[in-house]
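Notes for the structure review
Letter by letter, the chains look like this.
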Amino acid sequence: MIIASSLTPDTQALLDRLQSALADFRADPADTNRQRALSDARRQLAEALAVLPKRETQGDFARAALGIIRKFSQHAAQDIPVSEGTLAWASEKARSGPAGLLAAMTLVSAAQLPAAPTFDDVPDWLWGDYATWLFAAPGDTYDASNTNRVNQLRSLTRWIERNPAAQCVREASNAYLTSPAVIDRTLSNDELALRGRILSALFLRNVTRYASTPLPRDGRPLKIGFIAQNFAPTNEAQSLRPLFELSDFSRTETHLFTLEPADDAFAQLCITRGHTLQTLPSSADEQLSILRAVGLDVLIYFRDRLVQSMGDITRLALHRIAPLQVAYSPSGKITGLPEIDLVMAPRSTAPAPAANIGERIGVLPLDMPVYVIRPAPEPTDDFSRQALGIADDTTVYVSAIDGMVATETRRAWARILAETPGSILILQQTEQPLDAQASAAVAQSFIKTLAEAGVAADRFALSDFRDRAEMLATLRLGDVYLEPLANAAQRWTAEALALGLPVIAGLHSAPLLKAANAPEWIARDSAEYIRAAIHAGTHAEERRQAATQIRETVENYAEFTDTLGATDACCALLETVYDGLHASGHAIFRRSSALITVPVADNSAELLQSGQAALDAEDSYQASLLAADILKSTPCDANARLLYGRSLLKQGNAPRALAYLLPAVQLTPSNASGWYSLAQALHMDLQTADAIGALETCLRLDDSHTDAWLLLAELAENAGALDLVRDAVAALKQLSPNHPQVADLAQRFAN
């Protein structure tokens, strides 16, 4: 077939004019004259394309135009508003054949054209470029309720499932898989499910299905695997680690798998905790073979890894490896992958059940996501306000962004800067960094939005992600942390609170702010969010007082740092789910849409009373069983933790007792008997100095605690702290002069 060349001096001039207008727009996207010039150039090129004869739609002119269309799909130019007349013209042309479709693609973005044809009505030679245009990253004009995007994806899915090897299908699927829209957080459940079908069709051709049948537990520990790219301080690792970090060997056998070697510190932690750690080889077949050979009952992935990446772990999740395959989703969103049986989420984000999603929802008995938050390293001198030229009296707003920023958020932040004189905004990209083009698109969008609000571009900065230390150093520059109004990475909200930053957030993160004793910064809507941020930015003393209160609260105890609660909650839910799966089988299990929750213990107060009575009667085993029943559904209950810790202490298991007693006293710091039990556990674990400290706290709360004075005297004597022994003896002579141990101590320390 001979394709006529339609590239003439006139058509070349149209292309050059549009290229020049696009470059000018990029330099200043907020300039309305440049926007108008770009729109005019697009219109002229579109009109020329619309009248191309069919034989020339694959010629040099059309190919050059497609190259420019691809550039439009990669930055903020796709969001320039279009008139109703322009949209009507583009809609008509899009349905008139190849030339008209090229014209429509030149003139408007796919998000602006809800009537764009499906792949069934697009010539196959255009599929790759059409998919690039169609699945461009959602911008300001994206409407999540637009059903046409789902219809488009459904059309592509059918073609991929029918003939994935065809060249046009390969080009369209490659364009789709490499599009930012595929990993965007705005994808609906329907889009995620179609994505799962596409991945299965592309990567599981001619793969024999592997059967994995759940075996009864019969009192044995569940064999649970966790898989991550690595267990360095990333969002993936910091989210997964609380689920296994303090696991109970009697209930779970933990296996950890990474694609990259773990650092020495994490490897040593695994040895200390008794976890098996293995780095998988690069071959997919070998990875599958190794994972299946372990004989796991449960395999857990991090949901965002599966949705925001097309890497090896996502491809592994397409296969059946264990009887129960789980995605942990702090956000409560599903994966859409056919072999994921369960999405596990805390109460605050667990979605309502939906019959069509194909994944069961398991509700962790936690009020919020929990993260491993380690102490932040001290920032270097070259990363201080002074070194960066930021004045001490400048209000610095900071935020972490994980991808594109929603229009509502950008406009809110622009309004906040406009009404907080002299303030600046620093945005820090997370470890899911944008590529150079996407990063430029974010910056252009912000500059445009700021200009519309009358805010200079130099009051905004976008920082690349390097590592957690630099991320935290950037956040430390701030006075106020602004959580994005949509698609926020809650892990960084938790990190900001741990740094003592006042956080302005919506209802989505209300549990985190309440846990940090900062409910006054929770906003019910965008208007309240803006008011709270402006207030925080313009009231420095109130802000400083809030920062101190937040920091002290989190340092003492905050549920979003309670790794023990997360580990126990995960274990309790998985036991419940696994037993249900074993009883019903996969088919029945997957058909149900009911939420799965951990059964709540009947009358916790009576169970506690019975457990304490059992402990007093020297039946520590029964006491531990009763405490464990409470902890399954309320894993952060301080009284149940105290009872369980004391039971373990009676059984001689001091390290495990400490895991429960320490958070118990953090939750109830005025409980003298709790501090005494903690001191006993520390003493049994040979942590004498800390045991003495716990005893001193106990006695400050209750100076009549004879047993605490006796233990303090014993430990102080062993440590050679004779003055402390004499103080204890003096107190004991007043409290229990007839106690045999007191008489002995009084005789030995008479002087």
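**Digging into the side chain of Gln 428**
Among the secondary structure elements, Gln 428 is positioned in strand E9 (residues 424-429). Here the side chain of Gln 428 touches Thr 474 through a polar contact of 2.9 Å, side chain to side chain.

**Brief notes about the sheet that holds E9**
Strands sit in the order E10-E9-E8-E11-E12 across an open sheet of five strands; the sheet is parallel. At either margin of the open sheet sits one strand with a lone partner, and together these are strand E10 (460-463) and strand E12 (503-504). Both strand E8 (residues 396-401) and E9 contribute to a ladder of six bridges, which runs parallel. Considered in E9, the bridge of Ile 401 is made with Gln 429. In the packing of helix H18 (residues 468-476) onto the sheet, the strands contacted are E8, E9, E10 and strand E11 (480-482), and the crossing angle to E9 comes to about 165°.

**Describing the pattern of salt bridges**
Tallied over the entire structure, the rule returns 31 salt bridges. Among the salt bridges present, the one from Glu 452 reaches Lys 448, with a minimum N-O distance of 3.3 Å. You can see Glu 452 and its partner Lys 448 sitting in helix H17 (residues 436-452), four residues apart, about one turn around the helix. Classification of Glu 452 by relative accessible area gives exposed; the value is 54%. You can call Lys 448 buried: its relative accessible area is 9%. Members of the salt-bridge network, linked through shared partners, are Arg 209, Arg 320, Glu 339, Asp 341 and Arg 590.

**A short note on the pairing of strand E3 (residues 276-279)**
Pairing analysis gives four bridges linking strand E2 (residues 252-258) to E3, with the strands arranged parallel. Bridged to Thr 258 within E3 is Thr 279. Running through helix H11 (residues 264-273), the crossover from E2 to the neighbouring parallel element E3 is right-handed.

**A look at the packing of aromatic side chains**
In the structure shown here, the tally under the stated rule is 12 aromatic pairs. With centroids separated by 5.4 Å and ring planes inclined at 80°, the aromatic side chains of Phe 119 and Trp 127 adopt a geometry described as edge-to-face. The burial state of Phe 119 is the same as that of Trp 127; both residues are buried. With a centroid separation of 4.7 Å and an interplanar angle of 80°, the aromatic rings of Tyr 644 and Tyr 660 are classed as edge-to-face. Linking Tyr 644 in helix H27 (residues 638-650) with Tyr 660 in helix H28 (residues 654-667), this pair joins segments that are 16 residues apart in sequence. Tyr 660 shares its class with Tyr 644; the two are buried. Through successive ring pairs, a cluster of aromatic residues spans Phe 119, Trp 127, Tyr 130, Trp 133, Phe 135, Trp 159 and Tyr 176. Note that Arg 43 overlies the ring of Trp 89, its terminal NZ or CZ placed 4.8 Å from the centroid. If you follow Arg 360 out to its NZ or CZ, it ends over the ring of Phe 589, 4.8 Å from the centre.

Thresholds applied
Residues numbered from 1 in each chain as written. Predicted model: local features only at pLDDT ≥ 70, side-chain atom pairs only at ≥ 80, totals over all residues. Heavy atoms only, no water. Helix = DSSP H or I, 4+ residues; strand = E, 2+ residues; numbered from the N terminus. Polar contact = N/O pair within 3.5 Å; in protein donor to acceptor, adjacent residues only side chain to side chain. Pairing = 2+ DSSP bridges. Contact = heavy atoms within 4.5 Å. Axes fitted to C-alpha atoms, helices over the stretch in contact; angles between N-to-C directions. Salt bridge = Lys/Arg side-chain N within 4 Å of Asp/Glu carboxyl O. Buried < 20%, exposed > 50% of the residue type's maximum accessible area, 1.4 Å probe, protein only. Right-handed = clockwise from strand over helix to strand, strands pointing away. Phe/Tyr/Trp six-rings, centres within 6.5 Å; stacked < 30°, edge-to-face > 60°. Lys NZ or Arg CZ within 6 Å of the ring centre and 35° of its normal.

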